[in-house]
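Okay, here's what each chain looks like letter by letter:
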Amino acid sequence: MKIAATLAATLLVGATQLNAQQPPAGGVDPRPPNAPTQQPAVAGQTRAPESKKNVAFEVVSVAEGLENPWGMTFLPDGKMLVTEKPGRLRVVSKDGQLSPAVAGLPPVDARRQGGLLDVTLHPRFAQNQLIYWSYAEPKDGGVNNTAVARGKFVDGAEPRVENVEVIYHQRPTLASNLHFGSRLVWARDGKLFVTQGDRSVTPGRMQAQNLDSGIGKIVRINDDGTIPKDNPFVGKDGALPEIWSIGHRNVQAATLNPATGDLWEVEHGTRGGDEINIARKGKDYGWPTIAYGIEYQGAPITGGITAKEGMEQPLYYWDPVIAPSGMVFYTGNLFPAWKGSLFIGGMVSTNLVRLELKLVPRK
Ligand SMILES: [Ca+2]
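What you see is a predicted model; the values in this text were computed from it and never measured.

Section: the nonpolar core
In terms of nonpolar packing, the biggest core is built from 18 residues, with Leu81, Leu89, Ile131, Trp133 and Phe153 touching the most fellow members. Going through the elements one at a time, strand E4 (88–92), strand E5 (116–121), strand E6 (130–138) and strand E7 (144–154) are the ones with two or more residues in this core.

Structure follows, in structure tokens:
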């Protein structure tokens with residue numbers, strides 16, 4: 001396996017000073033920005049300086065032969081469940097052996113960015129053996145949507161899931177093979193966050209601000225797929241009650257901050273504009289009205305603006321992008337210098353990004 005480079009940078013979180021800013025320059029990434037005239041809204045919002053900790057580590061390969069692994073989680077016995085994008089769920093033993101595909105999963109739409117995506121255990125898995133997975137759900141006529149299913153996991157020589165129920169379907173469906181989001185994150189209160197995307201195509205993008213659509217939203221559901229009564233738009237005319245936050249482009253990385261219990265996420269920007277947000281109840285993260293970066297074809301995004309009243313600024317953004325895969329806060333003891341750091345996989349940058357967080361009280 002290729003040795004992964006580790007970038008390290010310092011991130012200021014919660015800083016709200018709106019001082020005059022220097023143009024984005026420096027930082028650990030030597031590539032020029034795609035939108036050189038755009039300015040960060042707060043100090044430290046992009047191009048964080050390098051932080052070297054000189055930690056020695058070795059990259060070891062723990063399993064071979066997986067096809068496009070996308071999501072993984074550990075079972076209590078130390079084995080892993082790993083999704084393969086074409087539609088297979090595998091059990092990986094502690095010595096790296098792959099099981100046959102877990103039987104009983106519904107079909108997926110594996111075109112382009114679709115497929116079998118994330119997998120997670122119910123918080124009380126030890127009692128109920130329930131696992132949850134997200135995927136691109138095929139529908140008649142070539143349309144599809146992000147979906148979440150659950151089932152009782154039965155391990156063995158031929159592992160399977162029983163009593164499978166599809167508990168969530170993003171609505172509406174669209175004809176697109178892109179931007180399914182799909183990260184599954186359990187909150188401390190046992191609710192399940194499902195991240196989603198804007199489906200990339202223009203009719204999807206234009207729904208990211210609309211409360212009557214699940215496109216471009218993070219949603220929050222109960223463990224059986226019903227809707228929590230304290231979701232922000234429950235009872236609002238014309239709004240989907242499952243919505244938690246709006247204005248997201250494509251959220252493929254998300255994790256719970258172990259120190260605060262908040263949902264942190266990284267979403268894909270276009271050319272420039274990958275961004276970290278804390279997805280808070282009922283908030284608007286701006287897409288496509290505000291965005292850093294430029295369109296793939298080079299034009300400004302919407303009006304080319306990066307800030308607007310009532311829309312949340314990202315905590316941090318990358319221009320050029322890393323293309324986030326997954327993210328996690330490091331809480332282990334093996335590398336004390338990394339304690340509390342945020343690690344994010346970069347698919348385009350082909351490295352592992354480490355961000356140090358410096359908590360600054362909000363004014
Ligand atoms: Ca945003």
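Notes on the coordination of the calcium ion
Coordination of the calcium ion by the protein involves Glu275 (OE), Glu275 (OE) and Tyr285 (O), with metal-donor separations of 2.1 to 3.0 Å. Here tyrosine 285 lies in the loop between strand E15 (274–278) and strand E16 (316–318) and glutamate 275 lies in strand E15, a separation of ten residues in the sequence. For the pair formed by glutamate 275 and tyrosine 285, the shared burial category is buried.

With respect to the sheet that holds E4
By definition, the strands of a sheet pair up through backbone hydrogen bonds, in either a parallel or an antiparallel sense. Read from one edge to the other, the open sheet built from three strands follows the order E2-E3-E4, with strand pairing classed as antiparallel. Of all the strands in the sheet, the pair left with one neighbour each is strand E2 (69–74) and E4. The sheet shows a mean angle of 20° between the axes of neighbouring strands, direction not considered. Here strand E3 (residues 80–84) pairs with E4 via five bridges, running antiparallel. Its bridge partner lying in E4, glutamate 84 is registered against arginine 88.

What to know about the pattern of salt bridges
According to the stated counting rule, one finds 17 salt bridges in the structure shown. Residues aspartate 118 and arginine 183 are paired through a salt bridge, measuring 3.3 Å at the closest nitrogen-oxygen approach. Separated by 65 residues along the polypeptide, aspartate 118 in strand E5 and arginine 183 in the loop between strand E8 (160–169) and strand E9 (184–186) bring together distant segments of the chain. Neither aspartate 118 nor arginine 183 differs from the other in exposure class; each is buried. For glutamate 295, the salt bridge is made with arginine 205, and the minimal N-O distance between the two is 2.7 Å. Linking glutamate 295 in the loop between E15 and E16 with arginine 205 in helix H2 (residues 202–205), this pair joins segments that are 90 residues apart in sequence. In this structure, glutamate 295 and arginine 205 share a single accessibility class: buried. Beyond isolated ion pairs, a larger network of salt bridges with shared partners links Glu67, Glu84, Arg88 and Arg90.

Quick word on the packing of aromatic side chains
All told, the structure shown has eleven aromatic pairs when counted by the stated rule. When the centroid spacing of 5.1 Å and the interplanar angle of 65° are considered together, the rings of phenylalanine 193 and tryptophan 244 count as edge-to-face. On the criterion of sequence distance, the pair formed by phenylalanine 193 in strand E10 (residues 192–194) and tryptophan 244 in strand E12 (residues 243–245) is long-range, its members being 51 residues apart. Like phenylalanine 193, the residue tryptophan 244 is buried in the burial classification. Where tryptophan 338 meets phenylalanine 343, the ring centres are 5.2 Å apart and the plane angle is 65°; that geometry is what we call edge-to-face. This pair shows no difference in class: tryptophan 338 is buried, exactly as phenylalanine 343 is. Here the aromatic cluster, defined as three or more aromatic residues joined through ring pairs, consists of Phe57, Tyr330, Phe335, Trp338 and Phe343.

Quick look at the environment of threonine 73
Structurally, threonine 73 can be placed in strand E2. Residue classification places threonine 73 among the buried residues on the basis of a relative accessible area of 17%. For the pair formed by threonine 73 and glycine 156, sequence separation is 83 residues and the distance between their alpha carbons is 17 Å. Look past the residues within four positions of threonine 73 in its chain and what remains in contact with it is Lys79, Met80, Leu81, Val119, Thr120 and Leu121.

Concerning the confidence of the model for the protein
Across the protein, the average pLDDT comes to 92, with 92% of residues at 70 or higher. Every residue in residues 1–7 is under pLDDT 50, and counting partners more than four places away or in other chains gives 18 contacts. pLDDT under 50 marks residues 10–23. Its contacts with residues more than four places away, or in other chains, come to 44 contacts.

Rules of the game
Residues numbered from 1 in each chain as written. Predicted model: local features only at pLDDT ≥ 70, side-chain atom pairs only at ≥ 80, totals over all residues. Heavy atoms only, no water. Core = buried A, V, L, I, M, F, W, Y, C linked by side-chain atoms within 4.5 Å. Buried < 20%, exposed > 50% of the residue type's maximum accessible area, 1.4 Å probe, protein only. Helix = DSSP H or I, 4+ residues; strand = E, 2+ residues; numbered from the N terminus. Donors = N, O, S within 2.8 Å, 3.2 Å for Na, K, Ca; no water. Pairing = 2+ DSSP bridges. Axes fitted to C-alpha atoms, helices over the stretch in contact; angles between N-to-C directions. Salt bridge = Lys/Arg side-chain N within 4 Å of Asp/Glu carboxyl O. Phe/Tyr/Trp six-rings, centres within 6.5 Å; stacked < 30°, edge-to-face > 60°. Contact = heavy atoms within 4.5 Å. pLDDT = per-residue confidence, 0-100.

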